[in-house]
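Structural characterization, general
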Amino acid sequence: MNYFGGDWTRQKIEIVVDYAKAYLTIMNKYPQFKTLYFDGFAGSGSIVKDEIEIIKGAAIRVLEIDYPKTFDTYYFVEKSDSNKELLQEEIESKFSDRNYFIVNEDCNQKLNSMASFLKKHTNVRVLAFIDPFGMSVNWTSISCLKNLGVDLWILVPTGIGVNRLLNNDGNIPDEWFVKLEKFLGISRDEIRSRFYKEVKTVDLFGDSVSMAIKETNCVQKINDLYRERLLTIFKYASEAFVLRNSTNSIMYHFMMATNNKSAFKIANDIIKPKFKL
Ligand SMILES: C[S@@+](CC[C@H](N)C(=O)[O-])C[C@H]1O[C@@H](n2cnc3c(N)ncnc32)[C@H](O)[C@@H]1O
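Notes on the structure follow. (Residues numbered from 1 in each chain as written. Predicted model: local features only at pLDDT ≥ 70, side-chain atom pairs only at ≥ 80, totals over all residues. Heavy atoms only, no water.)

**Here's the deal with the overall build of the protein**
For the record, the criterion: Only DSSP runs of H or I reaching four residues or more are called helices, and only runs of E reaching two or more are called strands; each is numbered from the N terminus. Here the globule rule is a power law, 2.2 Å times the number of residues to the power 0.38, and the radius of gyration is based on C-alpha atoms. Accessibility here uses a 1.4 Å probe with only protein chains present; expressed as a share of the type maximum, an area under 20% marks a residue as buried, one over 50% as exposed, and anything in between as partly exposed. In what follows, residue pairs with any heavy atoms lying within 4.5 Å of each other are defined as contacts. In this tally, Asp and Glu contribute negative charge and Lys and Arg positive charge; neither His nor the terminal groups of the chain are included. In plain terms, the charge of a residue is placed at NZ if it is Lys, CZ if Arg, CG if Asp and CD if Glu.
In terms of helices and strands, the protein carries 10 helices and 13 strands. For the protein, whose C-alpha radius of gyration is 20 Å, the value lies close to the compact-globule estimate of 19 Å for 277 residues. Once the C-alpha set of the protein is aligned to its principal axes, its extents read approximately 75 × 45 × 35 Å. The buried share of the protein, taken over its 277 residues, is 49%. Once local pairs closer than 6 in sequence are excluded, the contacts in the protein between residues at least 24 apart make up 71%. When the 37 basic and 35 acidic side-chain charges of the protein are each reduced to a single mean position, those positions are 7 Å apart.

Encoded structure:
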């Protein structure tokens, strides 16, 4: 079961659904392409609060879109057995006519297999939604999508994930550095230089010492870095929709990367009015 985290839970789903509708409207004009919806963290199909379903998950909302066309194929990845079973039951009961696959695996593996598949099937175009709780998507899983026909919506845990591993004093434990390197795909020296400044000072006995001080506005800087990283793989990356918790702290940045200029423009057009939510 997936639980309601806050308004951001609803907001990211609305963005993906709006984009999927626009995507299918455009792709309907290009019947030579086969469309695939890839949901890497598909969930259980519904989102509950106090044991009551309050919203449908993105998987179900995207399956509900049938005008002007449905996706030719739906591919759902869900690592939890129980969530996968719940999603499967719901899809079987309501959308049995669709061409869908639900796999109980890790999204990283499936992004890699999808990339190999797309290299062989060049007429397939993908709308991918990557909706993890934390830093579970490795950079190598994103970089394998280079030069492919994928529009990628990705939830980046800037505030809730990366920023929490960047200690104020720069004294980052080795395992946190490994996690940061895997997630961002850059070395720890680069991470240090992006988020810390070295300050020279003197200690109590007059010896010169250098200390690391964390940059200000780091959450925004993490967003800028991730967008910059996406731009090494895709031609365009949208502005980010900022998802905040009830105390107004930034949890995630949600953005879209693509090789298609029109898709990029549509993503920005969808995100911008939602800034006022
Ligand atoms: C934030 S929820 C997804 C919610 C879903 N997008 C929706 O709209 O209902 C994340 C889901 O990903 C699953 N998950 C966690 N790690 C995963 C991984 N490495 N690969 C695939 N699924 C994973 C969790 O079990 C959970 O159901």
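There is more to say after this.
**Details of the packing of aromatic side chains**
Quick reminder of the rule: For this analysis, a ring pair means two rings from Phe, Tyr or Trp (six-membered ring only for Trp) whose centres lie within 6.5 Å, classed as stacked if their planes differ by under 30 degrees, edge-to-face if by over 60, and tilted for the remaining angles.
Scanning all chains against the criterion turns up 15 aromatic pairs. On the numbers, 5.7 Å between centres and 70° between planes, the contact of Phe-71 with Tyr-74 is edge-to-face. Aromatic side chains Trp-139 and Tyr-226 sit 5.5 Å apart centroid to centroid with 90° between the ring planes, which places their arrangement in the edge-to-face category. Here Trp-139, found in helix α5 (residues 139–143), pairs with Tyr-226, found in helix α9 (residues 218–230); they are 87 residues apart in sequence, far enough to count as distant. Exposure remark for Trp-139: the relative accessible area of 6% places this residue in the buried category. Taken together, the aromatic side chains of Tyr-19, Tyr-23, Tyr-37, Phe-71, Tyr-74, Phe-76, Phe-129, Trp-153 and Phe-254 make up a single cluster linked through ring pairs.

**Thoughts on the site of the ligand**
Counted only if it meets this: When we say a residue is near a molecule or strand, we mean one of its heavy atoms is within 4 Å of it. Throughout this description, a polar contact denotes any pair of N or O atoms lying within 3.5 Å of each other; where both atoms belong to protein, one of them has to be capable of donating a hydrogen while the other can accept it, and for residues adjacent in sequence the pair is counted only when both atoms sit in side chains. Per-residue accessibility takes into account occlusion by the displayed protein chains alone, with areas from the Shrake-Rupley method and a 1.4 Å probe. With a 1 Å grid spanning the protein atoms alone, the term cavity applies to any set of points in which a 1.4 Å probe fits but cannot get out, the term pocket to an open set with protein on both sides within 12 Å along at least five of seven lines, and the term lining residue to any residue with an atom within 4 Å of a point. Pocket or cavity membership: a molecule qualifies when more than half of its atoms sit within 2 Å of the grid points of that site. Only Asp, Glu, Lys and Arg are considered charged, only Ala, Val, Leu, Ile, Met, Phe, Trp, Tyr, Cys and Pro nonpolar, and every remaining residue, Gly among them, polar.
With respect to spatial proximity, 19 residues lie near the ligand, and among them Ala-58, Glu-78, Asn-83, Cys-107 and Asp-131 are the closest. At 2.9 Å, a backbone N or O of Ala-58 approaches an oxygen atom of the ligand. Between the ligand and the protein, one listed contact pairs an oxygen atom with a side-chain N or O atom of Glu-78 at 2.6 Å. Against a free-state accessible area of 600 Å², the protein chains account for coverage of 91% of the ligand. For the ligand, the cavity whose grid points lie within 2 Å of the majority of its atoms is the largest pocket. Residues of the shell around the ligand, tallied by class, amount to eight nonpolar, six polar and five charged.

**Regarding the environment of Phe-71**
Its place among the elements puts Phe-71 in the loop between α2 (58–64) and β5 (73–77). Relative accessible area serves as the criterion here: at 2%, Phe-71 is assigned to the buried category. Each C-alpha atom, one on Phe-71 and one on Val-126, is 9.4 Å from the other, the two residues being 55 residues apart in sequence. Aside from chain neighbours lying at most four places away, what touches Phe-71 is Ala-20, Tyr-23, Leu-24, Thr-35, Leu-36, Tyr-37, Val-62 and Leu-127.

**A few points about the pattern of salt bridges**
What counts is decided by this rule: Think of a salt bridge as a Lys or Arg side-chain nitrogen and an Asp or Glu carboxyl oxygen that are within 4 Å of each other.
Overall, the coordinates contain 14 salt bridges when judged by the stated rule. Bridged by salt links that share partners, the residues Asp-174, Glu-181 and Arg-188 form one connected network.

**Concerning a negative patch on the surface**
Worth spelling out the cut-off: Residues enter patches when they are more than 30% accessible in relative terms and free of salt bridges; like-charged ones are connected within 9 Å and nonpolar ones (Val, Leu, Ile, Met, Phe, Trp, Tyr) within 5 Å.
Taken together, the side chains of Asp-81, Glu-85, Glu-89 and Glu-92 define an acidic patch exposed on the protein surface. Inspection of the secondary structure puts Glu-85 in helix α3 (residues 81–94).

**Observations concerning unusual backbone geometry**
With an omega of 0°, the peptide bond between Tyr-67 and Pro-68 qualifies as cis. Despite not being glycine, Asn-147 shows a phi value in the positive range, around 65°. With respect to the helices and strands, the residue Asn-147 is situated in the loop between α5 and β8 (150–156). Accessibility expressed as a relative area gives 65% for Asn-147, which makes it exposed. Unlike most non-glycine residues, Asn-217 shows phi in positive territory, near 55°. As for its position among the elements, Asn-217 is in the loop between β10 (208–214) and α9. For Asn-217, a relative accessible area of 54% translates into the label exposed.

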